[in-house]
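An overview of the molecular structure
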Amino acid sequence: MKTRAIDPELPFRTRLRPRWMPKEMVEPPALDEIIRPRSIEAKYALLLNPFYPKDPHASFGKHVLTPSLALTSIAGATPPDWRVEYWDENLLHGPPPCDPLPQVVGITVHLTFARRAYELAQWYRARGATVILGGLHVLSNPEEAAPHADALAIGEGVQLWPQILSDVTHRRLRREYRVMYENNYRDDPAPRRSLVPSRSFLTTTSLIATRGCHNRCGFCYLSTEGLRMPYRVRDVEQIVTEFAGNGEPYAVFIDNNLGSRPEYLKALCRGLRSIKKIWSAAVTLDVTDNPSLVREMALAGCTGVFIGFESLSDSNLSHARKRAPRTDDYARRVRILHDNGIQVNGSFVLGFDDDHRDVFALTAEWIEANRLECATFHILTPYPGTPLFRQLEGEGRLLHRDWSKYDTSHVVFRPRHLSPEELAHGYGWMYQRLFSHASIWHRRPEDGRSVAPYLAMSYLYKRSNRIWHLLIKHDLVHAAWHPLVEWTRRRHLQFRARLASVDEVGNSAFGVPANVISAGV
């Protein structure tokens with residue numbers, strides 16, 4: 001299909017339509033300042049994921065794809081004589097529980113919801129609970145977080161948590177606990193997924209097989225000063241057992257880059273083939289260096305990958321210190337994934353120093369020409385502690401330090417070749433364009449058998465925020481999506497059988513072509 005060239009000025013001539021946004025997706029639940037719990041329950045720990053405002057341009061569905069593995073992993077490290085509960089404010093269940101009052105409240109702190117985390121911490125501390133703050137923002141800004149907590153967990157919380165609870169019990173709690181991610185990863189306990197309200201998520205099977213990434217992009221949180229996260233892997237058998245035992249047909253690998261070590265990914269794929277389930281993961285585009293590895297992924301059940309293309313400019317990638325294939329080879333590599341039935345969710349960062357007014361039209365045109373099933377956009381955001389933050393701070397280009405706006409959907413710095421207003425408008429136009437009926441139809445799969453599930457996925461995910469709000473509020477996410485996921489799994493098993501009958505150069509004893517089969521998830 002021939003792709004129409006997009007006028008570079010079209011984004012700026014286009015009026016952005018108002019986006020529907022219910023109050024519950026913007027404002028956290030109110031905390032009752034009058035309530036005073038009757039008692040504190042000893043050896044009861046509450047783990048909190050604070051509320052954060054949602055971006056009206058993007059799909060609400062991405063927030064309930066799978067639960068936070070950080071908190072369920074910490075729950076897995078909780079000693080057996082402690083009662084532990086999990087609460088995610090983003091599930092719209094109201095304010096977190098407080099009667100009886102937990103003896104310990106553990107709160108994860110991310111840059112964008114630090115303010116809400118501190119509000120929760122103050123509320124619980126005022127009523128007698130011991131509050132522990134952890135997470136990446138605590139690592140990068142411990143001085144800011146310290147006044148809001150009884151103790152800080154800096155670094156790998158799974159290692160620190162048992163010691164913290166022991167010190168609480170013996171009344172010897174320190175102000176700070178610190179350890180980096182340098183342990184033997186296979187020794188970590190399995191997450192306690194039983195604590196998660198399964199009805200609230202598309203799948204509760206969030207898996208992590210590796211930790212770290214071979215890239216250290218200047219804008220990525222992995223490049224935060226003081227963060228040491230060497231690449232570690234878990235045993236293939238551990239991952240297969242977790243996936244097989246959770247009862248879900250679909251899993252999401254939340255690794256930063258599942259493909260950083262190709263030989264490990266190949267072994268993992270061969271281990272996953274026998275359980276006949278489907279999964280998606282984040283990888284870098286160099287996974288296509290070896291097409292046979294992509295084939296192994298498909299045969300193991302991979303239906304989709306999240307890839308940080310970041311930019312279509314080689315100079316932007318070089319300045320960001322991202323090791324990636326040349327951008328003029330992106331299209332060929334995407335085709336390798338499509339030829340193996342793997343959908344591509346491409347991530348693009350807008351606002352690099354070599355981005356001009358034409359970046360929006362050029363990026364949208366490329367996405368449509370290469371039929372990316374989904375695309376995610378991010379305004380370049382300088383996270384504190386990263387090389388990008390230090391650069392923009394030194395150049396006097398930061399607009400403010402309101403961390404709640406450092407969410408990749410707001411402009412928080414002065415771009416080099418765009419005004420802040422142009423960058424914000426272009427970002428909104430990208431979502432409006434790529435979520436439009438015309439763009440969704442233009443990017444449909446070439447194989448006619450795959451069009452219906454692709455359209456179902458596209459419209460349910462990208463154009464149904466009113467439905468998503470109701471599904472989240474009434475705990476219907478899993479019920480609504482499970483039939484489509486199971487249908488996808490069964491279709492993918494048929495596709496795998498056809499793919500297995502085709503050798504690596506496309507010859508089949510059964511005359512079955514290696515066509516792309518859209519997974520629908």
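Residues numbered from 1 in each chain as written. Predicted model: local features only at pLDDT ≥ 70, side-chain atom pairs only at ≥ 80, totals over all residues. Heavy atoms only, no water.

Right, let's talk about the side chain of Thr72 for a bit. Tracing the chain through its elements places Thr72 in helix α2 (residues 69–76). Using a relative accessible area of 2% as the deciding quantity, one classes Thr72 as buried. Residues in contact with Thr72, not counting those within four places in the same chain, are Tyr86, Pro191, Arg192 and Val196. (Helix = DSSP H or I, 4+ residues; strand = E, 2+ residues; numbered from the N terminus. Buried < 20%, exposed > 50% of the residue type's maximum accessible area, 1.4 Å probe, protein only. Contact = heavy atoms within 4.5 Å.)

All right, on to the layout of surface pockets then. Computed from the structure, the second largest pocket encloses a volume of approximately 320 Å³. For the lining of the second largest pocket, the class distribution of residues is five nonpolar, six polar and five charged. (1 Å grid on protein atoms, 1.4 Å probe; cavity = no way out; pocket = protein on both sides within 12 Å on 5 of 7 lines; lining within 4 Å. Points joined across faces, edges and corners; volume = space filled by probe spheres on them. Nonpolar A, V, L, I, M, F, W, Y, C, P; charged D, E, K, R; others polar.)

Any segment with low pLDDT has predicted coordinates that should not be analysed in fine detail. Here the protein chain averages 90 in pLDDT, while 91% of its residues score no lower than 70. Low pLDDT, under 50, characterises residues 508–521; the predicted model gives this stretch 45 contacts beyond four residues in sequence or across chains. (pLDDT = per-residue confidence, 0-100.)

Here the focus is unusual backbone geometry. The residue after Asp99, namely Pro100, is reached through a cis peptide bond having omega 5°. You can see Pro100 is positioned in the loop between β2 (83–88) and β3 (101–108). A positive phi angle, close to 55°, is found at Arg171, a residue other than glycine. Looking at the secondary structure, you find Arg171 in the loop between α6 (157–169) and β6 (176–179).

It is worth spelling out the packing of helix α12 (residues 359–369) against helix α14 (residues 420–434) at this point. In contact at an axis separation of 10 Å, α12 and α14 are set at 20° when each is read in the N-to-C sense. Relative to α14, the element α12 is oriented roughly parallel. In this structure, the crossing between α12 and α14 has a hand that is right-handed. Residues Phe360, Ala361, Thr363, Ala364, Ile367 and Glu368 of α12 pack against Glu422, Leu423, Gly426, Tyr427, Trp429, Met430, Arg433 and Leu434 of α14. A breakdown of the residues in the contact of α12 with α14 according to their chemical character gives nine nonpolar, two polar and three charged. (Axes fitted to C-alpha atoms, helices over the stretch in contact; angles between N-to-C directions. Parallel < 35°, antiparallel > 145°, perpendicular 65-115°, else oblique. Left-handed = near helix turned anticlockwise from the far one by under 90°.)

Take the sheet that holds β3 next. One open sheet holds the six strands; their spatial order is β2-β1-β3-β4-β5-β6, and the pairing between them is parallel. Of all the strands in the sheet, just β2 and β6 have a single pairing partner and so form its edges. On average, each strand axis in the sheet is tilted by 20° relative to the strand beside it, whichever way the strands run. Where strand β5 (residues 151–155) and β6 come together, four bridges link them in parallel fashion. Within the sheet, the bridge partner assigned to Ala153 lies in β6 and is Tyr177. α2 rests against β1 (40–49), β2 and β3 of the sheet, and its axis sits at about 155° to β1. Helix-sheet contacts for α6 involve β1, β3, β4 (130–134), β5 and β6, and the interaxial angle to β6 is about 150°. (Pairing = 2+ DSSP bridges.)

Moving on, we get to helix α17 (residues 465–473). Every buried residue belonging to α17 is among Asn465, Trp468, His469, Leu471 and Ile472, and all of these are buried. Considered in projection along α17, the buried side chains sweep an arc of 165° and stay on one side of the axis. In the core, the buried residues of α17 are packed alongside α16 (451–462) and α18 (477–500). A positive phi of about 55° marks Asp475, the residue just after α17. (Arc of directions from axis to C-beta.)

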